[in-house]
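Listed here are the chains, written in short residue letters.
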Amino acid sequence: MREFTIRVGRRRAIRLPAVVWLTLVWMLLWDRPSVPNLLTGLALAVLLQLVFPLPPIGPQLRLRPAGLIVFVLRAAADLLHSAGPLAWQAAGGRGRAKRNSVIAVPLRTRSDLILTIMAISLSATPGTLVLDVRHSDATLFLHVLGAADDAAVEKARRDVQALEHRTVRAFGTPADLRALREDRS
């Protein structure tokens, strides 16, 4: 698929799909659509691309419908599953206070896009927070609530690796899929 761009100098380009997307987001921020909002959104979208030029992510992003459905459904289930215990702990639920852990989880894929999606997914799930990402070896450092012993830490690592698998199956490139297969063998 060819991306429609307007070149502005050697290093800057205005990507028309990004202009449409940014304008749509701008329009959604306002109470009702209007011509002034549309024109302001278009102007801001062009200005943002000129001031903050970003590389295209097209070749890195692959949407696989079956994998995307599994990813979304499991993310929703994880949110529901973790919200209850976290709310109980925050409300001062009875029982012993749970210990928390900071763990490192090396990933099998090196894609910045996969790393970003995983960091967002993990941070959006109650009970986990991404503290750092080491790009050199694709390692995520996480704060995990309730990981008090070695078994709980290993379960948290397996959960992150399962998330990586689902993320790659939903968004990964063929190279990302190969990295998962090679790790299993």
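Residues numbered from 1 in each chain as written. Predicted model: local features only at pLDDT ≥ 70, side-chain atom pairs only at ≥ 80, totals over all residues. Heavy atoms only, no water.

- As recorded in an unreviewed UniProt entry, the protein goes by the name Na+/H+ antiporter subunit E, listed as coming from Actinomadura violacea.
- According to its UniProt record, the protein has this under Sequence similarities (unreviewed entry): "Belongs to the CPA3 antiporters (TC 2.A.63) subunit E family."
- On record in UniProt, under Subcellular location (unreviewed entry), the comment for the protein is "Cell membrane". (UniProt positions renumbered as here; feature names shortened; annotations may be inferred.)

1. What to know about the overall build of the protein
Alright, step 1. Scanning the protein for helices and strands turns up six helices and five strands.
Alright, step 2. Along the protein, helices (α) and strands (β) appear in the sequence β-β-α-α-α-β-α-β-β-α-α when read from the amino end.
Alright, step 3. Burial analysis of the protein (185 residues in total) assigns 29% to the buried set.
Alright, step 4. Within the protein, residue pairs in contact and separated by at least 24 positions form 65% of the contacts whose partners lie at least 6 positions apart. (Helix = DSSP H or I, 4+ residues; strand = E, 2+ residues; numbered from the N terminus. Buried < 20%, exposed > 50% of the residue type's maximum accessible area, 1.4 Å probe, protein only. Contact = heavy atoms within 4.5 Å.)

2. Looking at the sheet that holds strand β3 (residues 101-106)
Alright, step 1. Sheet architecture is open: three strands sit in the order β3-β5-β4, paired in antiparallel fashion. Every other strand in the sheet has two partners, leaving β3 and β4 (128-134) as the edge strands with one partner each. Along the sheet, successive strands turn relative to each other by an average axial angle of 25 degrees, direction set aside.
Alright, step 2. With six bridges joining them, β3 and strand β5 (residues 139-144) adopt antiparallel strand pairing. Paired with proline 106 across the strands is threonine 139, a residue of β5.
Alright, step 3. Most of the contacts of helix α4 (residues 112-124) go to β4, to which it runs at about 155 degrees, and overall it touches β4 and β5. (Pairing = 2+ DSSP bridges. Axes fitted to C-alpha atoms, helices over the stretch in contact; angles between N-to-C directions.)

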